[in-house]
Amino acid sequence: MKNGCGSGSESCLSSMEEELHVLAVDDNLIDRKLLERILKISSCKVTTAENGLRALEYLGLGDPQQTNVMKVNLIITDYCMPGMTGFELLKKVKQESSNLKEVPVVILSSENIPTRINKCLASGAQMFMQKPLKLSDVEKLKCHLLNCRS
């Protein structure tokens, strides 16, 4: 993954002006807890959701009357979940709300299927990453997001 940070990721990370608030979505409790722990170690504020519908509720897309909408800087979602896949969540975030259209969405999957990866990237995913996510992946992702903002 190209991110332009090279080996100086520490300085790249320390120059983040604000704490990154990540919505982590995964139906598997162990994967969700692992993702939450890695993100917190990486100095991110984390909110978790066990499925796509719950994520939409948190984001204010589930109920038009919802008033306390959560602001996030990044959504990381598993691809394969019951009820609503990560791909379907991606499409809803990118289509239904101009407020959320600019929020980067990263798709995670344990399966490396090129057609799936291409479909997600073509639909607006910022990145497609292989599970299990590692701390170094999160650091690269944060650097990538910082470069995109500047």
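Residues numbered from 1 in each chain as written. Predicted model: local features only at pLDDT ≥ 70, side-chain atom pairs only at ≥ 80, totals over all residues. Heavy atoms only, no water.

1. Side note on the sheet that holds strand 3 (residues 74-78)
We apply this condition: The pairing criterion for strands is at least two bridges between them, as found by DSSP. We count a stretch as a helix when DSSP gives it H or I for four or more residues in a row; a strand needs E for two or more, and each element gets its number in order from the N terminus. Geometry is summarised by axes, namely lines fitted to C-alpha atoms with helices restricted to the contacting stretch, and by angles between N-to-C directions that run from 0 to 180 degrees. A contact between two residues is defined here by any heavy atoms of the two lying within 4.5 Å.
A sheet is described by the order of its strands in space; here five strands give the open sequence 2-1-3-4-5, paired in parallel fashion. Because the sheet does not close on itself, it has two edges, and the strands there are strand 2 (45-49) and strand 5 (127-130). In this sheet, neighbouring strand axes are inclined to one another by 20 degrees on average, regardless of whether the strands run parallel or antiparallel. Bridge analysis of strand 1 (residues 21-25) against strand 2 gives five bridges, and the strand direction is parallel. Bridge pairing in strand 2 places V25 opposite A49. On top of the sheet, helix 2 (residues 29-41) reaches strand 1, strand 2, strand 3 and strand 4 (105-109); it is set at about 170 degrees to strand 2, its chief contact.

2. Observations concerning the nonpolar core
Heads up, the condition is: Remark: nonpolar core denotes a set of buried residues (Ala, Val, Leu, Ile, Met, Phe, Trp, Tyr, Cys) joined through side-chain atoms within 4.5 Å. Type-normalised accessible area, obtained with a 1.4 Å probe on protein chains alone, sets the label of each residue: buried when under 20%, exposed when over 50%, and partly exposed for intermediate values.
If you look at the biggest cluster of nonpolar residues, it comprises 25 residues, and the most contacted ones within it are L23, L59, I75, V93, I107 and C120. Of all the secondary-structure elements, those providing two or more residues to this core are strand 1, helix 3 (52-59), helix 4 (86-96), strand 4 and helix 5 (114-122). Top element by residues in this core is helix 4. It accounts for four residues. Here I75 is in contact with L23, L59, V93, V103, P104, V105 and V106, once residues within four sequence places are set aside. Membership of the second largest hydrophobic core comes to 18 residues, among which are L39, V46, V106 and M129.

3. Observations regarding the confidence of the model for the protein
Cut-off, in case you're wondering: The predictor attaches a confidence to each residue, and that confidence, scored 0 to 100, is pLDDT.
In this model, the protein carries an average pLDDT of 84, and 80% of its residues clear a pLDDT of 70 or more. Scored below 50 in pLDDT, residues 1-17 shows 20 contacts in the model against residues more than four places distant or in partner chains.

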